[in-house]
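Overview (structure and organization)
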Amino acid sequence: MAKRLLGLDIGPHRTHLVVLDYEKGQLSSVRLLESHAEGLAGQLAELCAALAGDIHFGDRLAAALPARTAYVRHLDFPFQDAKKIAAALPYELSAQVPVAVENCATASLQASTAADGSTLVTAAAVPKNIIDEILDPADAAGIPLHILDLSPFAFFAGLDDQVSDGILVSSNEAETTVSLIKAGR
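**Some remarks on the side chain of Ser35**
Locating Ser35 in the fold gives a position in strand β3 (residues 26-35). Among the polar contacts made by the side chain of Ser35, one reaches the main-chain amide nitrogen of Ala37 at a distance of 3.3 Å. Here Glu46 takes part through its side chain, which lies 3.3 Å from a polar atom of the side chain of Ser35. Leave out the neighbours within four places in its chain, and Ser35 touches His13, Arg14, Thr15, Gly42, Gln43, Glu46 and Leu47.

Right under this line is the structure:
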């Protein structure tokens, strides 16, 4: 069965959609679509029209929020228990970001455990209104976003099989991020 992955790159003045078609587990074609229409809703509608409404049930569509839309913090907890970290995370994060965490979508990655038993966690908070600014136009255009991740964290999932240590530079018209990858993180 053919499989298709779609990636959406949302910029301030244009939006790109890359379509990767797979046949029997092998990449068979790559298409790049671009829209310069006014506003995100117009850009997404134009891209959907370029696909000729050709969004299949099994398609997986992903997009990455720009890094500048999030508050990312490195938090150090004096314990390792995942349940305790999950319970303490909102309180610790709310003390370190300038917005109400209740109005944000949050996510975290456990980075490492130190010899003294403490745990370093990378946590991110994105205001829900920023997420709605992407999800609402996508829904209106009939584009079902399955994955909405945060740049540059979104890129690591696709690279983890190929790069365990290195420097990842991601640059577009809105921002440039430089990330150090160590042991796949």
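**Re the pairing of strand β9 (residues 166-171)**
Bridge analysis of β9 against strand β10 (residues 176-181) gives 6 bridges, and the strand direction is antiparallel. Paired with Gly166 across the strands is Ile181, a residue of β10. Hairpin connection of β9 to β10: 4 residues between the antiparallel strands.

**Description of the environment of Lys182**
Position of Lys182 among the secondary structure elements: in the segment after β10. Taking the C-alpha atoms as reference points, Lys182 and Val163, 19 residues apart in sequence, are found 9.1 Å from one another. Other than its neighbours up to four places away in sequence, Lys182 contacts Ser164 and Asp165.

**As for the packing of aromatic side chains**
The geometry of an aromatic ring pair is captured by two quantities: the separation of the ring centres and the angle between the planes. A full pass over the atoms with the stated rule returns 1 aromatic pair. In this structure, Lys84 packs its charged tip against the face of Phe79, placed 6.0 Å from the ring centre.

**Considerations on unusual backbone geometry**
At the junction of Ser151 and Pro152, the peptide bond is cis and its omega measures out at 0 degrees in the coordinates. In this fold, Pro152 is placed in the loop between β8 (147-150) and α4 (153-159). We note that Lys24 has phi near 50 degrees; this positive angle belongs to a residue other than glycine. Mapped onto the fold, Lys24 is located in the loop between β2 (15-23) and β3.

**As for the packing of helix α1 (residues 39-50) against helix α3 (residues 128-141)**
Axes are the key here: two packed helices are described by the angle between their axes and the distance separating the axes. Close contact between α1 and α3 brings their axes to 9 Å; oriented N to C, the two are set at 40 degrees. The orientation of α1 relative to α3 falls into the category oblique. Judged by the twist between their axes, the crossing of α1 over α3 is right-handed. Where α1 approaches α3, its residues Leu40, Ala41, Leu44, Ala45 and Cys48 are matched on the opposing element by Glu133, Ile134, Pro137, Ala138 and Ala141. In terms of residue class, the contact of α1 with α3 is built from 9 nonpolar, no polar and 1 charged.

**Brief notes about the environment of Asn129**
On the secondary structure map, Asn129 appears in helix α3. Asn129 sits 25 residues away from Cys104 along the chain, and the two C-alpha atoms are 8.2 Å apart.

**A look at the environment of Pro12**
Tracing the backbone through its elements, the reader meets Pro12 in the loop between β1 (3-10) and β2. Since its relative accessible area comes to 45%, Pro12 is described here as partly exposed. Between the alpha carbons of Pro12 and Glu173 there is a distance of 7.8 Å; along the sequence they are 161 residues apart. Among residues more than four places away in sequence, those in contact with Pro12 are Glu173 and Ala174.

**Structural notes on the pairing of β1**
Along any regular strand, the residues point their side chains to alternate faces of the sheet. Of the two faces of β1, the one holding Arg4, Leu6, Leu8 and Ile10 is buried and the one holding Lys3, Leu5, Gly7 and Asp9 is not buried anywhere. Pairing of β1 with β2, which is carried by 8 bridges, proceeds in the antiparallel orientation. Of the residues in β2, the one forming a bridge with Leu5 is Leu20. Hairpin remark: β1 followed by β2, antiparallel, with 4 residues in the connecting loop. Two strands pair when backbone bridges link them, and β1 and strand β4 (residues 60-65) are joined in this way by 4 bridges, in the parallel orientation. Paired with Leu5 across the strands is Arg60, a residue of β4.

Rules and cut-offs
Residues numbered from 1 in each chain as written. Predicted model: local features only at pLDDT ≥ 70, side-chain atom pairs only at ≥ 80, totals over all residues. Heavy atoms only, no water. Helix = DSSP H or I, 4+ residues; strand = E, 2+ residues; numbered from the N terminus. Polar contact = N/O pair within 3.5 Å; in protein donor to acceptor, adjacent residues only side chain to side chain. Contact = heavy atoms within 4.5 Å. Pairing = 2+ DSSP bridges. Phe/Tyr/Trp six-rings, centres within 6.5 Å; stacked < 30°, edge-to-face > 60°. Lys NZ or Arg CZ within 6 Å of the ring centre and 35° of its normal. Axes fitted to C-alpha atoms, helices over the stretch in contact; angles between N-to-C directions. Parallel < 35°, antiparallel > 145°, perpendicular 65-115°, else oblique. Left-handed = near helix turned anticlockwise from the far one by under 90°. Nonpolar A, V, L, I, M, F, W, Y, C, P; charged D, E, K, R; others polar. Buried < 20%, exposed > 50% of the residue type's maximum accessible area, 1.4 Å probe, protein only.

On their own, these measurements won't tell you what the molecule is for.
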